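# Observations on chain architecture
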Amino acid sequence: EDQVTQSPEALRLQEGESSSLNCSYTVSGLRGLFWYRQDPGKGPEFLFTLYSAGEEKEKERLKATLTKKESFLHITAPKPEDSATYLCAVLGSSGTYKYIFGTGTRLKVLA
Amino acid sequence: GAGVSQTPSNKVTEKGKYVELRCDPISGHTALYWYRQSLGQGPEFLIYFQGTGAADDSGLPNDRFFAVRPEGSVSTLKIQRTERGDSAVYLCASSSPGQGGTEAFFGQGTRLTVV
């Protein structure tokens, strides 16, 4: 069964303090790994798709990387507006489009 | 439309009542998904449509839940005899897998409260 585990559950950073969020996964054939940002009371906002080990994607202060077992979301010099819950999801090759989500990491960046 | 639209944004209903939640996907997206999210949890899969047909409904918790997409665009999630445990945010998403787009785009959700 496809599974996603995210850590830590919550993270508090000072503004400018870089860190990484982890997403460990088990899936029968990875079709894609996805990172989303979710603000309180809103739906998940798409950030990145990664397809194969070694792939990296960047957007502003965020960089996502992928290995065969896990993905990292690196946040460089975060700002208070980066505070949100970051969700990781995988899509396996089981033939159906069922995205499996982790429980997310709640990030708080303090000014 | 520009994004996935869900109505209503909030719905409060009494235990035992019937509710309908609507989703209007991104124009041209053939795939549509319903997810449910409880506080502090990640989205949980309910059902996936490809076109008009439900390609995977394995996440529907029981037969009180039903979803339709009669013309391959707008979808309605229907919940009969609501229970307090049905309270959650119901999220809709759409994608275009046939055009290589594996990522799903979500709406803002419908917060359902059963009292």
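My aim in this report is to walk through the structure given alongside it, one point at a time. (Residues numbered from 1 in each chain as written. Chains lettered and ligands numbered in written order. Predicted model: local features only at pLDDT ≥ 70, side-chain atom pairs only at ≥ 80, totals over all residues. Heavy atoms only, no water.)

## What about the overall build of chain B?
- Across its full length, chain B holds 0 helices and 11 strands.
- Counting from the amino terminus, chain B carries its helices and strands in the arrangement β-β-β-β-β-β-β-β-β-β-β.
- For 115 residues, the compact-globule estimate of 2.2 N^0.38 gives 13 Å, and the C-alpha radius of gyration of chain B, at 13 Å, lies within 12% of that figure.
- Viewed in the frame of its principal axes, chain B has a C-alpha envelope of about 40 × 25 × 25 Å.
- Taken across its 115 residues, chain B has 50% of its residues classed as buried.
- Of the contacts made within chain B by residues no fewer than 6 positions apart, 54% connect residues no fewer than 24 positions apart.
- With an accessible surface of roughly 5300 Å², chain B has 46% of that area assigned to carbon and sulfur atoms. (Helix = DSSP H or I, 4+ residues; strand = E, 2+ residues; numbered from the N terminus. Rg over C-alpha atoms; globule rule 2.2 N^0.38 Å. Buried < 20%, exposed > 50% of the residue type's maximum accessible area, 1.4 Å probe, protein only. Contact = heavy atoms within 4.5 Å. Areas by Shrake-Rupley, 256 points an atom, 1.4 Å probe, with all protein chains shown as cover.)

## Digging into the nonpolar core
- Counting 22 residues, the largest nonpolar core has Leu33, Trp35, Leu73 and Tyr86 of chain A as the members making the most contacts within it.
- Listed by contribution, the elements that provide at least two residues to this core are strand 2 (10-14), strand 3 (19-26), strand 4 (30-38), strand 5 (45-50), strand 7 (62-66), strand 8 (70-75), strand 9 (84-92) and strand 11 (105-110) of chain A.
- In terms of residue count, strand 9 of chain A provides more of this core than any other element does, 4 residues in total.
- One finds Val19, Leu32, Ala67 and Tyr90 of chain B within the second-largest nonpolar core, a separate group that totals 20 residues. (Core = buried A, V, L, I, M, F, W, Y, C linked by side-chain atoms within 4.5 Å.)

## What about the sheet that holds strand 1 (residues 3-7) of chain A?
All names here are of chain A.
- Taken in spatial order, the 5 strands line up as 1-3-8-7-6 in an open sheet, and their pairing is antiparallel. Strand pairing shows two members of the sheet lacking a second neighbour, strand 1 and strand 6 (56-59), which therefore form its edges. Across the sheet, the mean angle from the axis of one strand to that of its neighbour is 15°, orientation sign disregarded.
- Across 5 bridges, the pairing between strand 7 and strand 8 is antiparallel. Counted as the bridge partner of Lys63 is His74 from strand 8. (Pairing = 2+ DSSP bridges. Axes fitted to C-alpha atoms, helices over the stretch in contact; angles between N-to-C directions.)

## Points about the sheet that holds strand 3 (residues 19-24) of chain B
Residue and element names in this part refer to chain B.
- Spatially, 4 strands are ordered 1-3-8-7 in an open sheet, and the strand pairing comes out antiparallel. The open sheet has two free edges, formed respectively by strand 1 (5-7) and strand 7 (65-68), since each of these has just one partner strand. This sheet shows a mean twist of 15° between the axes of neighbouring strands, independent of strand direction.
- As defined by bridge partners, strand 7 adjoins strand 8 (residues 75-79) across 4 bridges and the pair is classed as antiparallel. Within the sheet, the bridge partner assigned to Val68 lies in strand 8 and is Thr76.

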